[in-house]
Each structure stands twice: as structure tokens, then as C-alpha cells.
Amino acid sequence: MSVDTVIEVKNLSFRYAGERKQALKDLSFTVGRGEFLCIIGPNGAGKSSLCNALVGLIPSYFSGAKKGGVSVLGQDTEGTSVANLASKIGLVFQNPFNQISYTTSTVEEELAYGLCNIGAPRDEMRRRVKEIAETIRVGGLLRKNPLELSGGQIQRVAIGSTLIMRPSILVLDECTTQLDPLGSEEVFDIVKRLNKDGITVVMVDHDMERVARCADRVLVMNDGQLLAIDTPRAIFNGIFQSHGVDMPEYARFGAAMSGAGMYGGPALLTEREAINAGKAAIAV
Amino acid sequence: MSKQNKIKTKKTSSYIPLDSPIDRMHPMVKIYGVLCLGIGCAAFPFLWLSYAVVAFLFCVAWRAKLLGRFSKFIIAFAVPITCMLLIIQGLYSPKNVTVLADFGFARLGLEGVVYAFKTVGTLLVFLGGFYLMTTTTYPGKLVTAMQDAGLNSKAGYLVLASLNVVPQIQRRIAVIQEAQTARGVEVEGTMSTRFKAFLPIIGPTVMSSLVDVQERGMTLETRGFGVKDVRPTSFVALYLTPGEKAAKKVLVAFLIVCVLFAVFWALRPVLGLGV
Amino acid sequence: MRIEIRDLRHTYPTGEEALKGVSFTIEGVTPVAVVGQNGSGKTTLVKHFNRILSPTSGAVLIDGVETTKQSTAKWSKRVGYVFQNPDDQLFLNSVRKEFEFGPERVGVPAADIQKRLPEIAELCGLGDKLDSHTFDLTATQKKFCAIGSVMMMDPDVIIFDEPTCGQDVEGSRRLSEIIGHLEKRGKLCVTISHDMKFVAANFPRVVALCHGRVLIDGDSREVFAKPELLKKSFVSPPPISRVSLGMGFEKPAFSVDELVETMKARRRKMA
């Protein structure tokens, strides 16, 4: 493993106990330090299972038949407890309301919850809570009861509660699906900034326009298999439409223009690129 | 985000957040209160003590700004249980010697009546105290206090989770009931319609609770819950004020006096002390 | 079909004023989308259509009848409501039983139920899952099971709350099919959605709510031509509409092909 590899997945297969179908089939890939990797694929493709495997919930929380392995920062996830891995890799789930501990009365306590569990001293906790509150922009909410927050706010607190363990990798499993557009943007902005500050991000997302805009690389999954892992421009060149994966509208627009002989460049990934290419096409 | 989630935000336990001296009090003092007063009254041979303590609890409820709710709780509980015990013990207790009233089919005996009132009094002290403790103490604080006193963190979580589960299920039921009425299940009307309406609600309630429990379990795990060989710390520091320390001592003294008196009273014939 | 909303106001017991005087009328069977930021009152509004909620003041009339005149269960014959979370709705041990439950409750003859069943199962993609336990369905299948179980009651109006939430391409495509099918059969479909691609593709009429009031109500092309106004409710037109507006076209395009056709026409004109 090179110094810049933070996650290495090697021939990973997994079948949940009591199920006939393999949830993950022989996956191999690596994630580099500071990378923004998006995982896409239709429902049931195995995206969540992969996330669970990255943070070690597979195989410690879910039993089943596992082959191959995942190593995070050089440490095999098997044989390391999820709790211990929490300081290396953190996971944020879809439903914000299942991500609060239900044991705390204020946002600051909620943020500190993980630190309490690992027995951090109190002044260390206070320092980190203050720092994290700034990062996730909940400074004004610290004394509020987590249950009084909006979905977007809770999801930010959930990210904060994960970050407070100082993981260098953040895994987000459709963490904006249940939020409205504004809440979703709030959360996503934070993730983007964290990535800029050096945190490695692995994100499952259905919003293809966003994936195209933000990902360094895109991993396409279907039926438990890894179909491709490449830059968005390569992925959205039209090859993967048939695998139940949506294309960003901008890329489809580019493809349609090419078909009509109006465009000949690479896949279009952002609104700006699409507008410019479109304008150029009608300015002829 | 769904309505279901909005509902979830309302309340998670029987705790009612009100700013009062009772609310601010260290949870351990309240636990001591419930146990010492309850056991003391149960041990004490005369029934007046329980009622004196119940009167004291009313004062506490007033200080906690909960007098109305507390009265309702006590009445709703005390009236039916007293009637029931009066009938059972008053009419049929084998200890009955002194007849208070003769109804023909049965006789009301003094001993049974006293026993009934004694039992009701003790129950009121326990339940009233417990009610006040849970309504005035944020569950998180309660568990922190218990963990400070040496409670295992998993047990602590269990306490909190059980405190949370009932109101949560109630909220889920409200949503599920809406979904069922929209499918033609009549929920208004006679008892039997209501009962029939209840059936379709059970399945989804249990299922969704199970799903929630699984996801929350995963969350806890990723937050380092249950990490081995580490003594968990807490974010909020709970300190006993000198007044609270004194209160704890008074409560323990109360318990000791009650128990000693009970022992003395029970041994009276042996010691040869007549009345 | 006619749903008339007259100065509808709703205040929750908590004191939160969710609707502050909403008035509009839905006539016919053209699908209507209700959009807007969380807390704008979308769900509160549609919950008045089958009397899950009653107005604090004002009224909702279904074909001239005030909704408060009868119970939700009675309205379920005419107004179907698919909740966002299928787990709130499903409780029986097979898809078939879920499908039969609603119509049985409202007294549809068994023969009619059996006639409807295969067609709706097919539409919902559950044709081969009829005897599966609902626990064994995937999240997507559960959603369609909930949709199917409401369609089985054959109501005149169906309300969907966030039907695309968590759906993939295949799920969205199937939903479009169902919406088209309902319209063809003379059924009105009212949908709450955050997914503007889905809204643009399926709903000719869009009502945008903002803080308990109607912000814009009209033809979807006109509504999505006003991105600045929509911003107030944190709604933005679908990506391809934004591209077409950004390119300087007056009317927002709703699909890639449409935009490319418009561009071709423009090039021909210029040439």
C-alpha cells in the first residue's frame, strides 16, 4: 500500500447471513488521501453494504460470509472493533433521526458523546466541541435540544459527532436523501469544505449533477459488482446509462448535441459547461 | 423531510423541561428520595407517615411547577386502587376482627381497611416519587449520575432507551393510524370499531421500531459506544452542592429511623414492652 | 373532479401556523405538483384533502362537498393518500393481502378486486411478488406496494407524498408510467415533490408554496421560467431548464431532446 492510499479494498465479497444473494462480489479498489469518491448505482446495487464494510460494520455488526478484506490506513477492519476504527473512518447514515444518541439534552453533549465513550477528559472534550461546532456551523445551536433541530441541522450534528473522533476519512451513505433541497445543500457544503481541508470523502449519492460537479472519481456499482471506477468525465461519457445509473442532465445534453452534430468535446459536467457549449452551438 | 420526522422531534421521554429548583437538583438526590422515602414508609408500622410523605411530595410538586399534573396523576391512580383494595381487604381479609359495617353479604373489617390504606399510602409514596423524579430529570442527566455512581455504561444506555421507547411508539402510532385511516380503516366510533382499527397498527409499529433500533445500534457503534477497557467520561459535570449532600444525609437518616422503629415495634412483645 | 380550496388556514396545537390562507382550485385530471421548502405547508395542505386534518378556518371542497362532512375512512373511497414512508402503511404478510385490504374495507365486491389486482401489480412491478412477504421486499418495492394498495381502492384522486424520495432511475420511470396511467383513466394525481426533474417531466401544473401561502401557481413552463421568484421557496428549476434559460431561451426546456430540437430550429433559422 502506498503512503497516499488510505483505503484498500481487496477482492471483497460478502453475503449476509440468511440470504442467498451475494451483496458484494469481488470488489477491489483503492482510495487516495484527500480524494472525493462518489459511489453510484441503482437501489440494491450494494452501495450501503460497501459503506458498512469500509467502516467495519461488516463483518462486526452484520454477520455473514466474507471473503477478501478492507484495510483502512493500513489496518485490517476485521479484528478491529468499529468503535476503535471510529478515530480513523467515520460513517454518516441516511436517516438523521436515527443518528442521535437519544441520551443527551444539548447539541454540545451530543457532539461530545463519542468522546465520552472513549473516555476523553472533559477539557479536551470542550475544546474539540468548540472546534467542531465551528466547522459544521452549529455555534448558535449548542445549547439546543438535538430533537428540536431541523433535518439538515441534525444531519450536520451527525457529521460533527462523527468528525469529533478525528477520522481522516468520512463515509456518507445517502446522507442528504431525506432532506429538502436547502437542508441537502447545507450538509453538502460542509462536506465539500471538509474535503478541501484534507479529509478523504466517500459519498453515496443519487444526485448525478452533484456527483459530476464534485467527485474526483466515480465508482459505479450494480448487482454487488464494481463496474467502473474513473473520473466523472470518463464515467459520464455515456457508457453506463444501461446499468440503471442515471446520467447527469448536462452530460446527456452534451451527448445529444454530439448526436446532432453540434458538439464534439468531452462529457459536459456542470451547468456552466453546458450553457457555454450550448451557446457555442447556436452561435454558429 | 416527512411529517413522521417532524412528529419525532416533539418529545422523547416523560421528562417535562421546566425551570425549577427540583429540575436543577442532582439526580442522585432524587433517586435517594424515592428509595429512602418509599422503603421507610413501607417499613414504618403506622399509616400516617405515608400520608405525611405524600403531603410532602405535593409540596415538592408545587416547587417543581407540576402541582396540577401531579395531582391528576395521584388521583387517577389512588382512587381506583383504593376502592379495589378496600373491597378486597376490607371485606375479605382474614385479619378482620373489628367490624365497621355489616352489609349482610359481607362485613367491612377495620384491620383490612387499615391494611388497604397502608398499602395505598406506600404505593403512592413510591409511584408519586418516581413520577416526580422522571418528570423533573432529563434522562441523560439521570444516567450520567448513575454512571458516576458506578453504573455500567451499557446498563445506562438500556435505562435511557427504555425511558425513550414509550413516547416514541406513541408518536409512531399516531402517524401509522393516519396512514391506516387513509386506507379505509375507521378509527372513530364505537369501542369495537376502535379495537378493529388497532390491529393494523401493531405490525408497522413493531417493524419500524426494529428498523430504528438497528440503525441506532450502528450509530452508537460508530460513536465508540462499548469500546473495551475504557472508563467512559461525561461532558456535563454533576456536582453535589452542600445542601444536596445534607439532603442525602437527611433522607438516609429518615430511612434508618423508620427501619429501626419498625424493628423495635416488631420486637416489642419479645422485649416485653406492653402498650 | 374538482377540489376547491377556500382561504384555508391551519394552526397546529403547538401554535405553529402552517397554512395562512391558501386558495386555489384544481379542476379535471391534469396532474398537479405541490412544491416548496420544508415547513412551507405542503403536507399540511394535502392532508386536508381527505380530512386527515381539518381546517382551522376556511374549507376544502371535493366536488362541492366539504371534507369535514365525513371521516377520513369514508373519504378513502374517493381520495387515496400514499404516505412518504411505506412502513407506516404496510402491515399484512403478503403483497396480495395488502392489495386486497383497502378495497375490502370500503366494500368493493371480491370479483372486482380480483379483476383489478393483476393489472395494478403489473404497473407496480410486483407481478411476480404477489405472494412475497412485505418484509422481504426492497425499499423500492415496498414503496410500490404502498402505491398499489392505494390504487386498488380505485379512488378519484391520489395524493403522493415525496414518491421519488430514495428512488433510482427505474423507480422514477415506473412512477411516471403510473401517473400517466392514472390520468388516462380519469384520475387526478396530486404530488408533493422536491425532485424538480420529476416534476417537470410529469406535472403540467405546479403550485409552489412558501411559508403557508401560495407563491406561484400555474403552468409548469411558466413557473420554471421564474427562477428568481422560486428561490424564495428554495426551489430551483430542473438542470436542463436552467441550461436553456442560461442559454438565453425564454421558455425553459423540460428535456434534453426538446432543448436540442429548439437549438436545431434556431440554427436553421439563422442559416
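Along each chain, the written sequence defines residue order, and numbers are assigned to residues from 1. Lettering of chains starts at A and numbering of ligands starts at 1, both following the order in which they are written. Local features are withheld for residues below a pLDDT of 70 in this predicted model, meaning they are given only at 70 or higher, and side-chain atom pairs are given and counted only at 80 or more; totals for whole chains, interfaces and linings count all residues. Note that the side-chain values use all heavy atoms of the structure and ignore hydrogens as well as water.

Caption draft 1: Structural context of the domain arrangement of chain B. Residues and elements named next belong to chain B. As annotated, the domain borders come from an automatic or database domain assignment. If you check the domain split of chain B, you get domain 1 (1-17 + 151-239) and domain 2 (18-137 + 241-275). Each of domain 1 and domain 2 has a C-alpha centre, and these two points are 33 Å apart. The contact criterion used is simple: two residues touch if any of their non-hydrogen atoms lie within 4.5 Å. Listed per partner, the contact involves six residues of domain 1 and 13 residues of domain 2. In total, about 760 Å² of surface goes out of reach between domain 1 and domain 2, with carbon and sulfur atoms giving 59% of it. For the purposes of these results, a polar contact is taken to be a pair of N or O atoms within 3.5 Å, where, inside protein, one atom must be able to donate a hydrogen and its partner to accept one; residues adjacent in sequence count only when each atom of the pair is a side-chain atom. Counting across the interface, domain 1 meets domain 2 through zero residue pairs in polar contact (both at pLDDT 80 or more). Taken together, the residues that form the side of domain 1 that touches domain 2 break down as five nonpolar, one polar and no charged. Two parts lose some accessible area (1.4 Å probe) when they are put together, and adding that loss for both gives the buried area. When residue character is reported, Ala, Val, Leu, Ile, Met, Phe, Trp, Tyr, Cys and Pro are called nonpolar, Asp, Glu, Lys and Arg charged, and the others, Gly included, polar.

Caption draft 2: Seen up close, the nonpolar core. Ranked by internal contacts, the top residues of the largest apolar core, which has 58 residues, are L111, I159, L172 and F236 of chain A. In this view, I159 of chain A contacts V92, I136, L170, L172, V187, V191 and L194 of chain A; residues no more than four positions away in its chain are not counted. As used in this record, nonpolar core signifies buried Ala, Val, Leu, Ile, Met, Phe, Trp, Tyr and Cys residues forming a set joined through side-chain atoms within 4.5 Å. Residue exposure (1.4 Å probe, protein chains only): buried if accessible area is under 20% of the type maximum, exposed if over 50%, otherwise partly exposed.

Caption draft 3: Focus on a nonpolar patch on the surface. The grouping of M84, I87, I88, Y92, F103 and F105 of chain B at the surface amounts to a nonpolar patch, some 700 Å² of accessible area in total. Numbering of helices and strands runs from the N terminus, with a helix taken as a DSSP run of H or I at least four residues long and a strand as a DSSP run of E at least two residues long. In this structure, M84 of chain B sits in helix α5 (residues 67-92). Nonpolar side chains (Val, Leu, Ile, Met, Phe, Trp, Tyr) within 5 Å and like charges within 9 Å form the patches, drawn only from residues with over 30% relative accessible area and no salt bridge. Only the protein chains shown count as covering a residue, and every accessible area follows the Shrake-Rupley method with a 1.4 Å probe. Here a salt bridge means any side-chain nitrogen of Lys or Arg lying within 4 Å of a carboxyl oxygen belonging to Asp or Glu.

Caption draft 4: Representation of the packing of aromatic side chains in the model. The rule is short: rings of Phe, Tyr and Trp, with Trp giving its six-membered ring, pair when the centres are within 6.5 Å, and they are stacked under 30 degrees, edge-to-face over 60, tilted in between. Across all of its chains, the model carries 18 aromatic pairs over all chains by this definition. Centre to centre, the rings of F261 of chain B and F264 of chain B are 6.1 Å apart; their planes meet at 50°, and the pair counts as tilted. Of the two residues, F261 of chain B and F264 of chain B are both situated in helix α10 (residues 242-271); the distance of three residues between them amounts to about one turn of the helix. Between the aromatic rings of Y81 of chain C and F83 of chain C, the centroid separation amounts to 4.6 Å while the plane-to-plane angle is 45°, which identifies the pairing as tilted. Since its relative accessible area comes to 0%, Y81 of chain C is described here as buried.

Caption draft 5: Main features of the pattern of salt bridges. Throughout the structure, instances matching the rule amount to 39 salt bridges over all chains. For E35 of chain A, the salt bridge goes to R217 of chain A, with nearest N and O atoms at 2.4 Å. Placement of E35 of chain A in the loop between β2 (24-32) and β3 (36-40) and of R217 of chain A in strand β9 (residues 217-222) is noted, with a sequence separation of 182 residues between them. Accessibility expressed as a relative area gives 10% for E35 of chain A, which makes it buried. Notably, a salt bridge pairs E228 of chain C with K231 of chain C, separated by 3.8 Å at the nearest N-O pair. Taken together, the residues span about one helical turn, with E228 of chain C and K231 of chain C both in helix α9 (residues 227-231) at a distance of three residues. Accessibility classification places E228 of chain C together with K231 of chain C in one group, the exposed group. Bridged by salt links that share partners, the residues D63, R78, D154, D156, R185 and K187 of chain C form one connected network.

Caption draft 6: Examining the pairing of strand β1 (residues 5-16) of chain A more closely. Pairing analysis gives six bridges linking β1 of chain A to β2 of chain A, with the strands arranged antiparallel. What sits directly across from V9 of chain A, in β2 of chain A, is F29 of chain A. Here, any two strands with at least 2 DSSP bridges between them count as paired.

Caption draft 7: Spotlight on the side chain of Q89 of chain C. With respect to the helices and strands, the residue Q89 of chain C is situated in the loop between β6 (79-82) and α3 (95-105). Classification of Q89 of chain C as buried rests on a relative accessible area of 0%. If near-sequence neighbours (up to four positions away) are discounted, Q89 of chain C is found in contact with A179, Q180 and R183 of chain B together with Y81, V82, F83, E98, A146, S149 and V150 of chain C.

Caption draft 8: Spatial organisation of the interface of chain A and chain B. Taken together, the contacts link 45 residues of chain A with 35 residues of chain B. Roughly 3600 Å² is buried in total at the junction of chain A and chain B, and carbon and sulfur atoms are behind 58% of that figure. Taken together, chain A and chain B are joined by zero salt bridges. At the boundary of chain A and chain B, one finds two residue pairs in polar contact (both at pLDDT 80 or more). Secondary structure elements with two or more residues in the side of chain A that touches chain B: α2 (57-60), α3 (82-85), α4 (107-117), α5 (122-135) and α6 (151-163) of chain A. Looking at the side of chain A that touches chain B, the element that brings in the most residues is α4 of chain A, giving eight residues.

Caption draft 9: Broad picture of the interface of chain A and chain C. In this complex, chain A contributes 29 residues to the contact, which on the side of chain C involves 26 residues. Both sides together, the interface formed by chain A and chain C hides about 2600 Å², and carbon and sulfur atoms give 65% of it. When the buried area of chain A at its contact with chain C is split by residue, E249, F253 and I282 of chain A rank highest and sum to 25% of it. Taking the shortest distance from any N to any O, the salt bridge between E271 of chain A and R242 of chain C comes out at 2.9 Å. The interface formed by chain A and chain C holds seven residue pairs in polar contact (both at pLDDT 80 or more) in total. Going through the elements one at a time, α7 (181-196), α10 (249-259) and α11 (271-283) of chain A are the ones with two or more residues in the side of chain A that touches chain C. Per-element tally for the side of chain A that touches chain C: the top contributor is α11 of chain A, with eight residues. Its residues placed into classes, the side of chain A that touches chain C shows 16 nonpolar, six polar and seven charged.

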